Amino acid sequence: MSTIDLTLQIWRQKNSDSLGNLQTYTLTGISTDMSFLEMLDVLNEKLTKEGKDPVAFDHDCREGICGMCGSVINGIAHGPEKETTLCQLHMRNFKTGDILVVEPFRSRAFPIRKDLIVDRSAFDRIIQSGGYVSVNTGGTPDGNAIPIPAETAELAMDAAACIGCGACVAACPNGAAMLFTSAKISQLCLLPQGKVERKARALAMVKIMDEEGFGNCSNERECEAVCPKGISIRNIARMNREFIAAALFEG
Amino acid sequence: MELTSRTPSGPLAEKWDNHRFANKLVNPANRRKYKIIVVGTGLAGASASATLAEQGYQVHTFCIQDSPRRAHSIAAQGGINAAKNYQNDGDSIHRLFYDTIKGGDFRAREANVYRLAQVSNNIIDQCVAQGVPFAREYGGTLANRSFGGAQVSRTFYARGQTGQQLLLGAYSALSRQIHKGGVKMYPRREMMDLVIVDGRARGIVTRNLINGTLENHTADAVILATGGYGNAYFLSTNAMASNVTASWRAYKQGAGFANPCFVQIHPTCIPVHGDYQSKLTLMSESLRNDGRVWVPLAAGDKRAPSTIPEAERDYFLEKKYPSFGNLVPRDVASRNAKEQCDQGKGVGSTGLAVYLDFGDAIKRDSQETILKKYGNLFQMYEKITAGNPLNEPMMIYPAVHYTMGGLWVDYDLMTTIPGLFALGECNFSDHGANRLGASALMQGLADGYFVISTSIAHYMGTTKLDAVSITDPHFLSIQKNVGDRLHRLLRNSNGSPTGKVTVDEIHKELGKLLWNNCGMARNRQGLEEALEKIPGIRETFWDKVYIPGTGSELNQSLERAGRVADFLEFGEIMVRDALTREESCGCHLREESQTEENEAKRDDANFSHVSVWEYKGDEETPVLHKEPLTFEFVTPSQRSYK
Ligand SMILES: Cc1cc2nc3c(=O)[nH]c(=O)nc-3n(C[C@H](O)[C@H](O)[C@H](O)COP(=O)(O)OP(=O)(O)OC[C@H]3O[C@@H](n4cnc5c(N)ncnc54)[C@H](O)[C@@H]3O)c2cc1C
Ligand code: SF4
Ligand code: FES
């Protein structure tokens, strides 16, 4: 088993109302088989034993699917490995002597709650404004009643794979939530079930996105570069088309 | 404790219809007068919340995560079963029912399982209508794959992310209701206790995880959909926040807990690599279709796998089970792997792993074919372990995966506490002593979308409830207990941590004990030893646990401590339950109950029942009640995989 020694500079902030700063910690003998979060567990166990406050960070599945984890490592959301969430990033990506600066996902729309934990409830409110097909439980037609070409289903699935982690927002110089919102709009406008409400949906979701304080897209493509699920910015183009079509129709 | 299952009369296929007809209804205008609390937003909780709100009830929903979309259900990979028979390969509601009850080793109620199979088809229709992007054939129809324990192809899937897509479907329905005002959503809240007034569930006390405030919430009925307790073992494939707290609090307030010792251990997980390990990752079972499982013949052989000649390898599953070979069921594969490791034949740096070798399959079918089937799994494996299964055998080891036990419920999914319902993995209802692959998602959604609304209507239609308020003495006293308990947890935290223990240290100790003594193979001696040791671990925990910070802020150590405190109590009834179940069945082998060929021996004469535990006080031994299981429509058969 190989091990490495690291210096960590981690954002510490007591709560939303207090000011935060970076604090330095050193860790030795970190197994390269550990995940990044297991490395933070080791740090926290050490801090606890020293009577200090452990670093608060969000996580749950530790399999790259719940979208709960995420921090900015040396300026890159979810760290250096492509298409990987922080929980699936392994320490073999680093070497002895590395200095890792660990910061929360920052955005006007994501207030910091403590240390690396941010409030991403704005994402939920975007979905609540229209990220669904308005069907009640029961009385739906047979699953095979409407054939859907395999390719369409695959494209919809590509977009539906978004885990709502917020890395795209943290990476965007404008703090835009375009990639996230467009992924849901795309999934639903591609499928026949979602077509009925496509106009109202595009208008409502884009409106809330603006109200929540997310910025605008200026084609930097930073979102796509950090997205752990490989969500393509083609979805943003699709969302823009949906929005324009809906706005013209309304106007 | 009375265990009235309320199983409807009549032929199996008509029971659910009869029941729905016999149950009372609440007219649409009156529904808004009732307030329902739902704890949990996994498949079961999210689908129940949305459905009840659509029908007009006032729903208040709670979850631990920052968003309802992140519940543990999100991680399910393989798929969801339904009896659509789209493949025209002989499937039917009756066959899905039969496979599920047989898979559960005849330890579930016939009527419940049949209903599950009946509503399975509605689930698929519902999800398609929501825009769940299931895999499709080129002609545009829904695709299916086959899964363990079935000879038909009935599993619907969305890549390897079926749980995610189904949960996002339920979450979208929930979000729509939040927007409409039908559901009030409380994320980052943990239910700390249940409040009972006049013998009925009337509310909960929660802790706001952001600022530590304790809050009282009243309701006319409380639904728990809080998932399974696999994390009692510390290491499992469950999400980190999965816990037994909500069910355990309900148990301590009088709800019967059924079959706590029924735990499923999955054979193909990535092995443990060190003490720092926080959870285990599941690798799909489908790998056993082409991989050959082996260990070196000689104990302690540490050579690299490629240098071990064929004659010195032990393909133990193929040798012992010539007809099923590497495809024996989960429990048999798991048990044999552990047995090999216990004999010192385990591989890898920890000796706790066996090989799963694709060498022969690659020779036979070409690298390309194998990659096409398993490419994404190989990638995932490589990411975690840095090993490439194309060049060297994979290493796998069993891990705790799913808990069949849970709160006892009747046919209406109501616990022994009137007004308290349990849905999804946190109840015991449908999987007996073993769950078939792709059936948990089906059950969670069946309970939430299609079963619970009938039960709620019946309960409201037959019960007269007085108004309660959050300042009633019942609420105040439960809240005070919760506060006192948090204080007790924090009392060692004044002063230095020297000589104290951390929450994780205790959790690991408990987990190891349960894994070794109450895992896939158990015996009286080991179980009695565990029963003796648990109180000591619990004592160390309460006397010495050091938790930094306070209770009035975001404090993740305190959250974990509360959950571990409950696992420490819960572990004991798991072990007690295992002790009294002196038969092998479903997922576990009771070593004293084996056939001459060392296979699991079920004992229908003495154990064809659900074991239900009743709390009698912290200092008292819990009391065991039995709900007899009778089989009118199927004949229990013994399994054989030789
Ligand atoms: C890796 C993996 C793969 C799987 N794959 C499959 C598969 O392919 N097919 C299949 O059918 N099954 C599969 N399963 C099983 C299946 O995923 C689960 O059984 C199912 O999702 C459980 O759903 P649930 O709604 O009952 O609970 P969960 O999804 O566990 O949700 C529990 C909810 O309760 C909340 N909660 C818990 N305690 C509290 C509390 N005290 N206060 C407030 N909220 C609380 C949580 O926040 C969460 O919202 C898999 C399981 C795992 C671990
Ligand atoms: S689009 Fe990608 S980066 Fe953005 S929330 Fe979804 S998964 Fe995360
Ligand atoms: S913890 Fe779930 S995605 Fe990382």
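These figures come from a predicted structure and were not determined experimentally.

Q: Help me understand the overall build of chain A, please; the structure alone is not making it clear to me.
A: Across its full length, chain A holds 9 helices and 7 strands. Its C-alpha atoms give chain A principal-axis dimensions of roughly 60 × 40 × 35 Å. Looking at the 251 residues of chain A, the share that counts as buried comes to 59%. When the accessible area of chain A is evaluated, it comes to approximately 9900 Å², of which 52% is carbon and sulfur surface. Side-chain charges of chain A comprise 26 positive and 31 negative groups, with the mean position of each set lying 3 Å from the other.

Q: I would appreciate a short explanation of the site of ligand 2 in the present structure.
A: Residue and element names in this part refer to chain A. Inspection of the region around ligand 2 gives 13 residues, with Cys 162, Cys 165, Gly 166, Cys 168 and Cys 227 positioned closest. Elements with a contribution of two residues or more to the shell around ligand 2: helix 4 (167–171) and helix 5 (178–190). When the residues that make up the shell around ligand 2 are grouped by side-chain class, the tally is 11 nonpolar, 2 polar and no charged.

Q: How should the confidence of the model for chain B be read in this particular structure?
A: Parts of the prediction with low pLDDT should not have their coordinates interpreted in detail. Looking at chain B as a whole, its pLDDT mean stands at 95, while 100% of the residues score no less than 70. Here the predicted complex carries an ipTM of 0.98, next to a pTM of 0.97.

Q: What's the story with the domain arrangement of chain B in this structure? I'm lost.
A: Accessible area lost on assembly of the parts is the figure often given for the size of an interface. Residue and element names in this part refer to chain B. Per the domain assignment, the segments of chain B are domain 1 (267–397) and domain 2 (473–607). Of the residues lining the interface, 9 residues belong to domain 1; the matching set on domain 2 comes to 10 residues. Overall, the association of domain 1 and domain 2 removes approximately 760 Å² of surface from exposure, summing both partners, and the carbon and sulfur fraction of that is 56%. Summed over the three residues of domain 1 that lose the most area to domain 2, namely Asp 331, Arg 335 and Lys 338, the buried surface amounts to 61% of that side. At the boundary of domain 1 and domain 2, one finds 2 residue pairs in polar contact (both at pLDDT 80 or more). Per-element accounting of the side of domain 1 that touches domain 2 gives the leading share, 4 residues, to helix 9 (residues 330–342). When its residues are assigned to classes, the side of domain 1 that touches domain 2 shows 3 nonpolar, 1 polar and 5 charged.

Q: How should the sheet that holds strand 16 (residues 406–407) of chain B be read in this particular structure?
A: By definition, the strands of a sheet pair up through backbone hydrogen bonds, in either a parallel or an antiparallel sense. Residues and elements named next belong to chain B. In spatial order, the strands read 16-10-20-21; together these 4 strands make up an open sheet with antiparallel pairing. The strands lining the two open edges of the sheet, one partner per strand, are strand 16 and strand 21 (623–628). In this sheet, strand 16 lies alongside strand 10 (residues 257–258) in antiparallel orientation, the contact comprising 2 bridges. Pairing of Ala 258 across the sheet is with Gly 406, part of strand 16. Seen against the sheet, helix 16 (residues 556–580) touches strand 10, strand 20 (609–614) and strand 21 and runs at an angle of roughly 145 degrees to strand 20.

Q: What should I look at first to understand the site of ligand 1 in this one?
A: Residues and elements named next belong to chain B. Around ligand 1, the structure places 37 residues, and the nearest of them are Gln 65, Ser 73, Met 191, Glu 425 and Leu 441. Between ligand 1 and Thr 41, the relevant distance is 2.9 Å, taken from an oxygen atom to a main-chain nitrogen or oxygen of the residue. A distance of 3.0 Å separates a nitrogen atom of ligand 1 from a polar backbone atom of Gly 79. Protein contacts shield 97% of the accessible area of ligand 1, which totals 1000 Å² for the unbound molecule.

Q: Hey, could you run me through the interface of chain A and chain B in this one?
A: Every contact between the two is made by 76 residues of chain A and, on the other side, 73 residues of chain B. Taken together, the two surfaces of chain A and chain B that pack against each other cover about 6200 Å², and 50% of this comes from carbon and sulfur. Its largest share of buried area at the contact with chain B, chain A owes to Asp 60, Thr 137 and Met 157 of chain A, together 11% of the area lost on that side. Counting across the interface, chain A meets chain B through 8 salt bridges. Here Lys 14 of chain A and Glu 553 of chain B are joined by a salt bridge, their closest N and O atoms 3.0 Å apart. For the pair chain A and chain B, the number of links is 46 residue pairs in polar contact (both at pLDDT 80 or more). Listing elements by their share of the side of chain A that touches chain B, those giving two or more residues are helix 1 (36–49), strand 6 (112–114), strand 7 (117–118), helix 2 (121–128), helix 3 (150–160) and helix 5 of chain A. Per-element accounting of the side of chain A that touches chain B gives the leading share, 7 residues, to helix 3 of chain A. In the side of chain A that touches chain B, the residues fall into 32 nonpolar, 21 polar and 23 charged.

Q: Looking at this structure, how should I read the side chain of Thr 162 of chain B?
A: Its place among the elements puts Thr 162 of chain B in helix 6 (residues 162–180). Dropping the residues within four chain positions of it, Thr 162 of chain B is found in contact with Ala 76, Gln 77, Gly 78, Gly 79, Ile 80, Phe 156, Tyr 157 and Leu 441 of chain B.

Q: Which parts of the structure should I look at to understand the packing of helix 5 of chain A against helix 7 (residues 198–211) of chain A?
A: Two numbers describe a pair of packed helices, the interaxial angle and the distance between the axes. Residue and element names in this part refer to chain A. Close contact between helix 5 and helix 7 brings their axes to 11 Å; oriented N to C, the two are set at 170 degrees. As judged from the angle between their axes, helix 5 and helix 7 are roughly antiparallel. Here helix 5 contributes Met 178, Thr 181, Lys 184, Ile 185, Leu 188 and Cys 189 to the contact with helix 7, which in turn contributes Arg 198, Arg 201, Ala 202, Met 205 and Met 209. When its residues are assigned to classes, the contact of helix 5 with helix 7 shows 7 nonpolar, 1 polar and 3 charged.

Q: Looking at this structure, I do not really get the packing of aromatic side chains. What am I missing?
A: Where two aromatic rings form a pair, the distance of their centres and the angle of their planes describe that pair. Under the criterion given, the structure shown has 27 aromatic pairs over all chains. Look at Tyr 374 of chain B and Phe 378 of chain B: their rings are 6.2 Å apart centre to centre, the planes differ by 20 degrees, and that puts the pair in the stacked class. Taken as a pair, Tyr 374 of chain B and Phe 378 of chain B lie in helix 11 (residues 367–385) at a separation of 4 residues, close to a single helical turn. Both residues of the pair, Tyr 374 of chain B and Phe 378 of chain B, belong to the buried class. Put simply, the rings of Tyr 229, Trp 248, Tyr 251, Phe 257, Phe 570 and Tyr 615 of chain B pair up and form one aromatic cluster. Positioned over the ring face of Trp 11 of chain A is Arg 106 of chain A, at 4.1 Å from the centre of the ring. Directly above the ring of Tyr 402 of chain B sits Arg 435 of chain B, whose terminal nitrogen or CZ lies 4.2 Å from the centroid.

Definitions and limits used
- Residues numbered from 1 in each chain as written.
- Chains lettered and ligands numbered in written order.
- Predicted model: local features only at pLDDT ≥ 70, side-chain atom pairs only at ≥ 80, totals over all residues.
- Heavy atoms only, no water.
- Helix = DSSP H or I, 4+ residues; strand = E, 2+ residues; numbered from the N terminus.
- Buried < 20%, exposed > 50% of the residue type's maximum accessible area, 1.4 Å probe, protein only.
- Areas by Shrake-Rupley, 256 points an atom, 1.4 Å probe, with all protein chains shown as cover.
- Lys, Arg positive; Asp, Glu negative; His and termini not counted.
- Charge placed at Lys NZ, Arg CZ, Asp CG, Glu CD.
- Near = heavy atom within 4 Å.
- Nonpolar A, V, L, I, M, F, W, Y, C, P; charged D, E, K, R; others polar.
- pLDDT = per-residue confidence, 0-100.
- Domains from an automatic or database assignment.
- Contact = heavy atoms within 4.5 Å.
- Buried area = accessible area lost by both parts, 1.4 Å probe.
- Polar contact = N/O pair within 3.5 Å; in protein donor to acceptor, adjacent residues only side chain to side chain.
- Pairing = 2+ DSSP bridges.
- Axes fitted to C-alpha atoms, helices over the stretch in contact; angles between N-to-C directions.
- Salt bridge = Lys/Arg side-chain N within 4 Å of Asp/Glu carboxyl O.
- Parallel < 35°, antiparallel > 145°, perpendicular 65-115°, else oblique.
- Phe/Tyr/Trp six-rings, centres within 6.5 Å; stacked < 30°, edge-to-face > 60°.
- Lys NZ or Arg CZ within 6 Å of the ring centre and 35° of its normal.

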